[in-house]
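Residue-level structural notes
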Amino acid sequence: MLDPSRAPRRDDLPWLRHRSRPRAAAPRPNGGGVRYVHDRPQRPAGPTSSPRAESAALHLDRPSSPSSLHPDRPAPPSSLDLDRPSSPSSLDLDRPASRASLDLDDHAAGRPAPQPKAAARRARIARVGAAERRILTADEPTVTLTRLQSGIGALHIEAATPATGDLQIGALFELTDATSSTVDLATGRRSAPRQPRSPVLVARRERFEQVLVDLRRCGELRRLAVYGVAASRLPLHWSGTLVVTTFGGGRVDVPLESLPPCSTAVLLSVYNVGGEFVLRAEIDAIDGGLREAARAYGYDRISWLDDRSPVD
Amino acid sequence: MPVAQLKRGANVALTREIPGLTGLVLGVHWDAGRETVLDQNLVFAAVLCDSRGRVRSDADFVFFNQLSSPELSVQQLERALGGDDEQIEIDLRGVPPEIDRVVAVLYVNDGPGARRTLGQLRSLTVRLLNPADNTELIRSEDLAPALREETALVLGEVYRHDGGWKFRVIGDGYAKGIAGIAADYGMPL
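Residues numbered from 1 in each chain as written. Chains lettered and ligands numbered in written order. Predicted model: local features only at pLDDT ≥ 70, side-chain atom pairs only at ≥ 80, totals over all residues. Heavy atoms only, no water.

1. Focus: the environment of Gly-151 of chain A
Along the chain, the position of Gly-151 of chain A falls in the loop between strand E3 (142–144) and strand E4 (154–160). Linking Gly-151 of chain A and Cys-218 of chain A, residues 67 residues apart in sequence, is a C-alpha distance of 5.9 Å. Contact partners of Gly-151 of chain A, with chain neighbours within four places excluded, come to Leu-215, Arg-216 and Cys-218 of chain A together with Phe-63, Phe-64, Asn-65, Tyr-107 and Asn-109 of chain B. (Helix = DSSP H or I, 4+ residues; strand = E, 2+ residues; numbered from the N terminus. Contact = heavy atoms within 4.5 Å.)

2. What to know about the pairing of strand E3 (residues 23–31) of chain B
All names here are of chain B. Of all nine residues that make up E3, seven are buried, and the element is covered over most of its length. Two elements, E3 and strand E8 (residues 123–130), share seven bridges in a ladder whose sense is antiparallel. Looking at the pairing, Val-28 lines up with Val-126 of E8. (Buried < 20%, exposed > 50% of the residue type's maximum accessible area, 1.4 Å probe, protein only. Pairing = 2+ DSSP bridges.)

3. As for the environment of Val-213 of chain A
All names here are of chain A. Position of Val-213 among the secondary structure elements: in strand E9 (residues 209–214). The buried category is assigned to Val-213, whose relative accessible area is 1%. Val-213 sits 62 residues away from Gly-151 along the chain, and the two C-alpha atoms are 9.8 Å apart. Residues contacting Val-213, with those up to four places away along its chain left out, are Gly-153, Ala-154, Leu-155, Val-200, Leu-201, Leu-221, Leu-224 and Phe-277.

4. Observations regarding the sheet that holds strand E9 (residues 135–140) of chain B
Pairing is mixed in the open sheet, where six strands are placed in the order E1(A)-E6(B)-E3(B)-E8(B)-E9(B)-E1(B). Pairing within the sheet leaves two strands with one partner each, and these edge strands are strand E1 (16–20) of chain A together with strand E1 (4–6) of chain B. Strand-to-strand twist across the sheet, computed as the mean angle between neighbouring axes with direction ignored, equals 20°. Note that E8 of chain B and E9 of chain B share four bridges and pair antiparallel. Note on E9 of chain B: the bridge partner recorded for Leu-128 of chain B is Ile-138 of chain B. This element, helix H3 (residues 74–81) of chain B, spans E1 of chain A together with strand E6 (86–91) and E8 of chain B of the sheet and lies at about 100° to E1 of chain A. (Axes fitted to C-alpha atoms, helices over the stretch in contact; angles between N-to-C directions.)

5. Structural notes on the layout of surface pockets
Residue and element names in this part refer to chain B. Taken as a whole, the largest pocket encloses approximately 400 Å³ of empty space. Forming the boundary of the largest pocket are 28 residues, of which Asn-109, Asp-110, Gly-111, Gly-113 and Ala-114 lie nearest the centre. At the level of secondary structure, the elements contributing two or more residues to the lining of the largest pocket comprise helix H2 (36–41) and strand E7 (101–108). Of the residues contributing to the lining of the largest pocket, the split by class is 12 nonpolar, eight polar and eight charged. (1 Å grid on protein atoms, 1.4 Å probe; cavity = no way out; pocket = protein on both sides within 12 Å on 5 of 7 lines; lining within 4 Å. Points joined across faces, edges and corners; volume = space filled by probe spheres on them. Nonpolar A, V, L, I, M, F, W, Y, C, P; charged D, E, K, R; others polar.)

This is the structure we're talking about:
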């Protein structure tokens with residue numbers, strides 16, 4: 001279950017300590033994906049194998065270094081900075097259509113998260129308040145949830161679209177234990193990990209298809225990418241909105257109509273950055289199927305049965 | 001000071017009773033029986049309040065996704081926790097003057113699965129320890145029998161009074177879960 005050593009640490013409360021008895025972890029006889037044993041520091045799968053990602057200059061083959069991502073920390077020029085205007089040498093989440101992954105090792109390893117040094121920097125991070133609505137666009141593609149919004153209740157992601165007959169959604173995911181696969185109703189992957197009682201991710205259908213993140217287990221999620229697939233495999237004329245809702249009623253909309261006709265598209269990515277979920281509109285038509293989408297986004301730890309179904 | 005069992009609403013003047021008291025451990029213990037899903041979805045948190053009884057920002061909600069935790073070995077953790085499931089330790093000398101009270105809460109996370117309630121708990125107690133010698137100072141009555149459909153509970157609070165510190169067992173439940181607590185304490189969700 002929750003590993004307190006991975007939780008974001010705070011150094012601003014020296015007078016308060018919190019101790020927690022680790023809960024018994026549920027067994028994972030056949031987890032929701034492939035679990036790898038690494039002989040080097042684990043990191044999110046990078047897009048370096050994809051020719052599409054050549055423009056991203058963040059080197060992910062390096063073990064974690066001070067250049068790892070943190071939105072609050074001043075970073076050397078070669079690293080990701082969520083606040084700084086994009087430069088060729090840095091990965092910028094605010095720039096549309098960049099497919100690079102983030103190096104989250106600092107946080108996954110449980111090192112203390114640096115504290116905010118400049119309130120002004122923090123203020124420039126796009127947020128969504130309770131009961132507020134924000135629309136992600138090509139110019140403003142990201143919003144960062146607070147640690148409360150990233151850790152309370154469930155995050156609901158729903159495809160509100162009239163093309164319900166043909167549009168199916170799911171999510172590529174990577175957990176902090178390196179498990180990587182999909183949740184996808186159409187291929188029978190209703191939860192991840194696939195033990196029935198306490199999944200981190202759930203795919204279900206109410207009025208529309210949904211992907212839910214159980215935020216009690218937010219510390220186990222490294223990243224996910226929500227995709228849409230035409231059930232007919234024929235190019236789809238996209239319409240409607242991917243709607244993300246927080247426990248407090250904050251809403252983040254990703255309009256889909258700007259997508260060109262295609263049968264597979266990556267719609268939204270979510271990265272867990274030091275306990276804060278960074279949501280990013282991708283709106284990215286994929287030339288090929290889900291397998292190609294996974295490759296383009298660096299989910300290269302998934303083995304595929306066909307172009308839609310992972311081998312778990 | 002002998003171990004006292006406090007009912008809901010009862011308070012004790014800690015620093016008047018124990019003048020040398022410089023720190024406190026507030027521990028909570030629950031028994032969820034075979035309800036493992038309930039157990040896994042319980043969240044213990046501390047709400048840091050100003051003199052108006054409100055948080056200053058969302059950073060004043062200290063829970064598993066923004067911890068203030070020391071690095072402890074398993075043995076150290078076991079020794080510190082004793083019979084508790086969760087604890088907060090407060091260095092009373094270090095509490096910033098603008099923090100007037102530290103409120104301990106327990107809630108059931110409202111995730112994608114079937115809804116659980118605190119009424120399913122078999123027992124639920126809070127206790128105070130003196131970290132200087134690990135002695136138990138106070139234990140609450142069992143708060144579980146009075147619980148029904150509640151999904152969040154204010155367990156108790158450590159608060160300033162006349163230049164010292166007091167502790168009160170509260171035991172107020174919320175049917176709206178952490179959203180109800182957030183509304184009362186001004187936590188932005």
